[in-house]
Every structure is written in structure tokens, then in C-alpha cells.
Amino acid sequence: MARKKASGGRKLEGWKAKSWFKVYAPEFLGKQLIGEVVSSNADNIPGRVLTVSLGELIQDYSKQNVRASFKISEVAGDAAYTYFVGHEMAKEFIRAMVKHRATRIDSTIMVTPLGADRSIQVTITGFTITHARLAQAQEIRAAMVKVVEDFAKEADFGTFVNAMVKGEISKKMFEVCKPIFPVRRLEVIKSEVYLKA
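Below is a summary of the structure that appears in this document. All of these numbers come straight from a predicted model, not from anything done at the bench. (Residues numbered from 1 in each chain as written. Predicted model: local features only at pLDDT ≥ 70, side-chain atom pairs only at ≥ 80, totals over all residues. Heavy atoms only, no water.)

**Observations regarding the nonpolar core**
Now for step 1: Phe84, Val122, Val148, Phe160, Met164, Ile169 and Met173 are the most contacted members of the largest nonpolar core, which totals 55 residues.
Now for step 2: When residues of this core are assigned to their parent elements, the largest contribution, nine residues, is made by helix 3 (residues 134–154).
Now for step 3: Non-local contacts of Val148, meaning those with residues more than four positions away in its chain, are made with Ile109, Val111, Val122, Ile124, Phe160, Ile169 and Met173. (Core = buried A, V, L, I, M, F, W, Y, C linked by side-chain atoms within 4.5 Å. Buried < 20%, exposed > 50% of the residue type's maximum accessible area, 1.4 Å probe, protein only. Helix = DSSP H or I, 4+ residues; strand = E, 2+ residues; numbered from the N terminus. Contact = heavy atoms within 4.5 Å.)

**Thoughts on the side chain of Thr123**
Now for step 1: Residue placement: Thr123 occurs in strand 7 (residues 118–128).
Now for step 2: Here the side chain of Thr123 touches Thr108 through a polar contact of 3.2 Å, side chain to side chain.
Now for step 3: Not counting chain neighbours up to four residues away, the residues in contact with Thr123 comprise Ser107, Thr108, Glu187, Val188, Ile189 and Lys190. (Polar contact = N/O pair within 3.5 Å; in protein donor to acceptor, adjacent residues only side chain to side chain.)

**Regarding unusual backbone geometry**
Now for step 1: We note that Lys31 has phi near 50°; this positive angle belongs to a residue other than glycine.
Now for step 2: Of note, Lys31 is situated in the loop between strand 1 (19–24) and strand 2 (33–39).
Now for step 3: Judged by relative accessible area, which is 40%, Lys31 ranks as partly exposed.
Now for step 4: Here the phi dihedral of Arg101 falls at roughly 70°; this positive angle occurs in a residue that is not glycine.
Now for step 5: Within the element layout of this structure, Arg101 appears in the loop between helix 2 (91–97) and strand 6 (104–111).
Now for step 6: The exposure class of Arg101 is exposed, given its relative accessible area of 58%.

Structural data, given as C-alpha cells:
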């Protein structure tokens, strides 16, 4: 049974029957507590979305500029369980990565991890050290896309999301693209999950 938070003084009408529920991240992200929600009816909780700091969630403070979102799928007792619905890097942080004479390379693709019932729209971006010619930028873009698509073919949903938000895919993109042209940073800056039709 979800706990009811005690309130000092007189009780406000409508709040006295409400209970608090602990919300947990998916198992592949350690099933950590990510917040609490309040409701007078547990049936009204599924579908709510919580957005949290990725850096705090995975204990990597280089990811403080990234927010991850989770949707509540089920409630058991005073616990609410979620699934990952996307992440996004702060726009001001991305703008700060833009340097004079550098080339920015973007692409948005849809991938379906191995055996998953959900697809993920992934936005990737790269920054070169100096100005790249069009052909070089196109080659870098194609290489970044191939890394993401190949990873999705071999990884299940949880493994893919872990690699995406923790930087493993970014590192792989960097390794592949570095011989093409000097690159400074390659990132998966945004993702959004869609149920397969």
C-alpha cells in the first residue's frame, strides 16, 4: 500500500486521500529510484512521464547536460516502474561546442534494436576541428549512420540504450570517423522511442 504523507496543521481538501509512489528506472539502467509521484488512485499513474538528469542517474557528471525521460508503465504497491522514452542534450551545451571554422554534421535516423518491439529515432551530430569539404562531411555522416545502424542490428533494446546514453556509441563513431577527417566531438544528442506499428 502506498504511504500517505503526513501534513502539518489542517489537511487541505483533496490531498488527504492522496498517496506517494516511488518511481524506478528500467532494469537495464539499474532500477534506480528516479523520483516520486502523488495520486489518489494508482490507476491514474501509468502514462506519466518523468524527466531526470542523466548524469545523476548513471553517476557520470560529464552527462549533466543530458536529460532522460521515462514513462510509467505499471504500479505495484507503492512502486511505479518505467520504460525509457528518450533523451536530449541541452541546446546551450550543443551551441557551446560550435567553434569558428569547424563544420557541424547532423543526421536523424530510425533504428530498431535486435528483437525490440520499439524503434528509436536517433539524432547524431559531429563537429570537425577545421572546415571540412562537402564530400568529407558526407563521408563522415555516412560513417556515423553506419555505426549506429550496425550497433542496433546486434544489440537488444536495453543494451543499445545503455551504449547510446553512456557514450559507447559516440566513442565508436569517433574511432571510425577520425581517419576520414580530423573530428573534435561526435555525439548522440537526442533520441525518441516509438512503438512499432
